[in-house]
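Structural overview for review
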Amino acid sequence: DTSSVSEQTAIIESDSVLITNVFLVGFAGAENDVLANLLIIDGKLKVVTRDEIRASETRITVDAQHGFLMGNLLVGDYPSFLILDQNPRDNYEIYLNTEAHLLFAMEKGAIVRNNLTVTYISDEIQQKKGSWAAYTPPPMAVPLNYFDNSKWNRFDTKYISGLFNGAMVLDRLQWLSQDEASESQVGDLSSSSIGVIRGMRFGFVGTFNFKRPWVYTIVGATRAFERGFGESDKGSFALYDARLDIPLFNTVNMSIGKQKEPISLSRMTMLLFNPMQERAAGTDAFLPARNWGIVFNGTAFSERSSWAVGAFNNWIDTDMAFKDNSYQFTGRATALPYLSADESNLLHLGAGLRYSGIKTDINGKGEAEFYQAPVFVETGLFSAESSITYDLELYWRRGPLLLGGEYIEVNVNSPVIDKPRVHGFDIGASWVLTGEMRTYRKKSGVFNSVPVSRTVNMQGWGAWELAFRFSKLDLTNGTLEGGIMDTYSLALNWWPGPRIQVTPNYRYIILNRFDVTGKSSGVNLRLSFILD
C-alpha cells in the first residue's frame, strides 16, 4: 500500500531502502545505460543488480520511475548520489538547474531529498522463500561514478564509431606425470613444460552510423590457431575476424567476411568466456576456428529461439583458386524450452549441421587440451570426397550453476577407408562460488562470461568459479585407427576484476593408441588481461 504523507515522512527517516527502476548512466552512450535496482541496508549499499529484488530485507521501496543516477556507488560503503528526471548527458542544461530536475538524493547513506512515491510493505506480506527457486543475485560491479563518459580507447564521429580492444594471455604448463606407455605413444612430455604467450589479440569493434547501424569487427593476433578436421595452420600473425554485420529486416541480420561458422555453443563462445582454458578436444579437432563466408541469422518466438545459416570458402587464406578450394555449408538452431520468469533458470537446446566438400587429402588429429601439448590422436592423411558434421547441445543453468555438454559426430565420405564415422563429446559443470550468474545471449544462443560483483579494489574477493569436465575424442572407426583420448579436467577460475583472470587447469589423460593405454597428467596456470 502507498503510505500517507505523514507515514512517508516517517519512512524517509529510515536508513534501509530499496530503490527500483533507476538508470545507471553508462560511460559510452545510451546503449551502455543499465536499468538497475539498489538495496541499501543500514545506510550501506548492499546490492546493485539488473535483476528483480523482492522486499525481504526492508519494508520501504522507492520507485525511481526510470530516473538517471549520478554519483558514487561502492558496494559495502555509504552511497552518495542524485537521481534526475532526465539524462544530463543528453541535456547539459540540467547542470544549470539541478533543483528543478531532482527526484531523489542520498548523502552517505541518508536520504536528504525525495520527490518520489514511497511504498510501505506491511509485516503481513512475506516474501516467498526457497533456495534458488527465487534466485537472489549478488551485487553487480558498477562504475564508481557516472560523470566521465569518455574512454581513451574509444572514438565517436558522426559517421563512424569504434572501440580499440585487445587481450593478452600468458600460460605456464607443467606436466606432472607420464607412464612408459604414454611416452611410447607421444614422446617425452617434459619438453613442453614451458611458459609461453598463449596469444595477443587486438582490433576494433564499432559501428557505421546509419539509421540502422552496421557493426564492423576487425581482430588480429600474433598467432593463428586454425584447427579443423583436415587442416591445421599456425603462423606468426593471423587475421581472426574481418566481419561486417548488416541488419536486414525485423530480427534478421547478415554477417559477411571472416568469422566463426554458426555451429557449436563452445566454438561460438569466446575462449576467455569458457569455464575451461581450452575447448574440448572434439570441438577443436572437428570444427575450424574461423572461415570466410556469409551468414544469415535471427531469432523467433520472442527470442526463445535463434537460428543461423552460412556458406563458406577459405580461398582467401590459401594459395588455391575459389573453385579449387573446399567449401562448407553450416547451420545451427537453438531453443529455450524452459525459461523461468526471472530468467535465472533456463534449459538450452541446440543442434548444428555442417557439410564440407573436400578437395584435398585430410588428416584428422587432436592435441591434449593444453595449448603447448603435442598431438595425441591422429589418423594420418587420407583422401575423401565430403564430410557431414552433426552437433548437439544441452545445457541447464540455474543461478550460479551451469551443467551441460555437446556431442559432435563426423561422417566422412571416403570409400577408400570404408566411410568412417568419428566422434567426440564432453560433459561438464561449473559453479560460481561467489554467486554470480552467467547471463545468456538470446540472439546467438551462448552464455556470457562470469560477471564480477565485487572487485578486489571494491574491498571484495572478485568472482570465483569451480569447474569440471570430461571429454572423449574417438578417431578410431573401421580401418581408421587414430586413437581414443579421454580427458578429465578440473579448473578454478578467479576474476579479481572483469578485465583480469587467473586460472589453473588440471588434466588427467588416458590415451588408447597403438594397442597400448597410456596415462599422463599436467597443470597449466593462465593469466589473462583484457582491454575493452
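Residues numbered from 1 in each chain as written. Predicted model: local features only at pLDDT ≥ 70, side-chain atom pairs only at ≥ 80, totals over all residues. Heavy atoms only, no water.

1. So, the overall build of the chain
Per the secondary structure count, the chain includes five helices and 31 strands. The 532 residues of the chain split such that 51% are buried. At a minimum sequence separation of 6, the contacts of the chain that also span at least 24 residues come to 61%. Summed over its atoms, the accessible surface of the chain is roughly 24900 Å², and 58% of this surface lies on carbon and sulfur atoms. (Helix = DSSP H or I, 4+ residues; strand = E, 2+ residues; numbered from the N terminus. Buried < 20%, exposed > 50% of the residue type's maximum accessible area, 1.4 Å probe, protein only. Contact = heavy atoms within 4.5 Å. Areas by Shrake-Rupley, 256 points an atom, 1.4 Å probe, with all protein chains shown as cover.)

2. Quick look at empty space enclosed by the protein
By the definition in use, this model includes seven cavities of 30 Å³ or more. Approximately 330 Å³ is the volume attributed to the largest cavity. Together, 25 residues line the largest cavity, and N274, P275, Y395, L402 and D426 are the ones closest to its centre. Counting only elements with at least two residues in the lining of the largest cavity, the list comes to α4 (265–268), β24 (401–413), β25 (421–432) and β28 (463–477). Counted by class, the lining of the largest cavity contains 13 nonpolar, eight polar and four charged residues. (1 Å grid on protein atoms, 1.4 Å probe; cavity = no way out; pocket = protein on both sides within 12 Å on 5 of 7 lines; lining within 4 Å. Points joined across faces, edges and corners; volume = space filled by probe spheres on them. Nonpolar A, V, L, I, M, F, W, Y, C, P; charged D, E, K, R; others polar.)

3. A look at the pairing of β28
Sheet topology places β25 next to β28; 10 bridges connect them, and they run antiparallel. Bridge pairing in β28 places I427 opposite F470. As defined by bridge partners, β28 adjoins strand β29 (residues 480–497) across 14 bridges and the pair is classed as antiparallel. Paired with L466 across the bridge in β29 is L492. Where β28 folds back on β29, the antiparallel hairpin that results is connected by two residues, among which G478 adopts a positive phi of roughly 60°. (Pairing = 2+ DSSP bridges.)

4. Examining the side chain of R332
Tracing the backbone through its elements, the reader meets R332 in strand β19 (residues 327–339). A polar contact is formed between the side chain of R332 and the backbone oxygen of S444, at a distance of 2.8 Å. (Polar contact = N/O pair within 3.5 Å; in protein donor to acceptor, adjacent residues only side chain to side chain.)

5. Concerning the environment of G298
Looking at where G298 falls in the secondary structure, it is placed in strand β17 (residues 291–300). According to the relative accessible area criterion, G298 is buried, its value standing at 2%. Measuring from C-alpha to C-alpha, the distance between G298 and T251 comes to 5.2 Å, with 47 residues separating the pair along the chain.

6. Points about the confidence of the model for the chain
Predicted coordinates in areas of low pLDDT are best not read in detail. Summarising the model, the chain shows a mean pLDDT of 84, and 86% of its residues fall at 70 or more. Here residues 1–13 is a poorly scored stretch, pLDDT under 50, and it has 16 contacts once near neighbours within four places are set aside; other chains count. Across residues 141–149, where pLDDT falls below 50, the model places 28 contacts with residues more than four positions away in sequence or in other chains. (pLDDT = per-residue confidence, 0-100.)

7. Some details on the pattern of salt bridges
Evaluation of the coordinates by the stated rule reveals 16 salt bridges. Residue K442 is joined to E343 by a salt bridge in which the shortest nitrogen-to-oxygen separation is 2.9 Å. With a gap of 99 residues between them, K442 in the loop between β26 (440–441) and β27 (446–447) and E343 in the loop between β19 and β20 (345–357) connect regions that are remote in the sequence. R421 is the partner of E409 in a salt bridge, and the nearest nitrogen-oxygen pair spans 2.8 Å. Of this pair, E409 sits in strand β24 while R421 sits in strand β25, placing them 12 residues apart in sequence. Its relative accessible area of 12% is what places E409 among the buried residues. Given the relative accessible area of 48%, R421 is considered partly exposed. By sharing partners, the salt bridges in this structure join D171, R198, E278 and R526 into a single network. (Salt bridge = Lys/Arg side-chain N within 4 Å of Asp/Glu carboxyl O.)

8. Quick word on the packing of aromatic side chains
For the structure shown, the criterion picks out 15 aromatic pairs. Measuring from centroid to centroid gives 6.4 Å for W175 and F376, while their planes differ by 15°, and the two rings are stacked. Here F376 lies in strand β22 (residues 375–378) and W175 lies in strand β10 (residues 160–178), a separation of 201 residues in the sequence. For the pair W175 and F376, one class covers both residues: buried. On the numbers, 5.1 Å between centres and 65° between planes, the contact of Y440 with F447 is edge-to-face. The same class applies to Y440 and to F447, which are both buried. (Phe/Tyr/Trp six-rings, centres within 6.5 Å; stacked < 30°, edge-to-face > 60°.)

9. What about the nonpolar core?
Counting residues in hydrophobic clusters, the biggest one holds 29 residues, and the most contacted among them are W175, F286, F376, F382, L473 and M485. Contributions of two or more residues to this core are made by β10, α5 (281–286), β22, β24, β28, β29 and β30 (500–513). When near neighbours in sequence (up to four residues on either side) are disregarded, L473 contacts A281, G282, A285, F286, G366, V377, H423, G424, G483, I484 and M485. Counting 25 residues, the second-largest nonpolar core is a separate cluster that includes I40, A64, I83 and L116. (Core = buried A, V, L, I, M, F, W, Y, C linked by side-chain atoms within 4.5 Å.)

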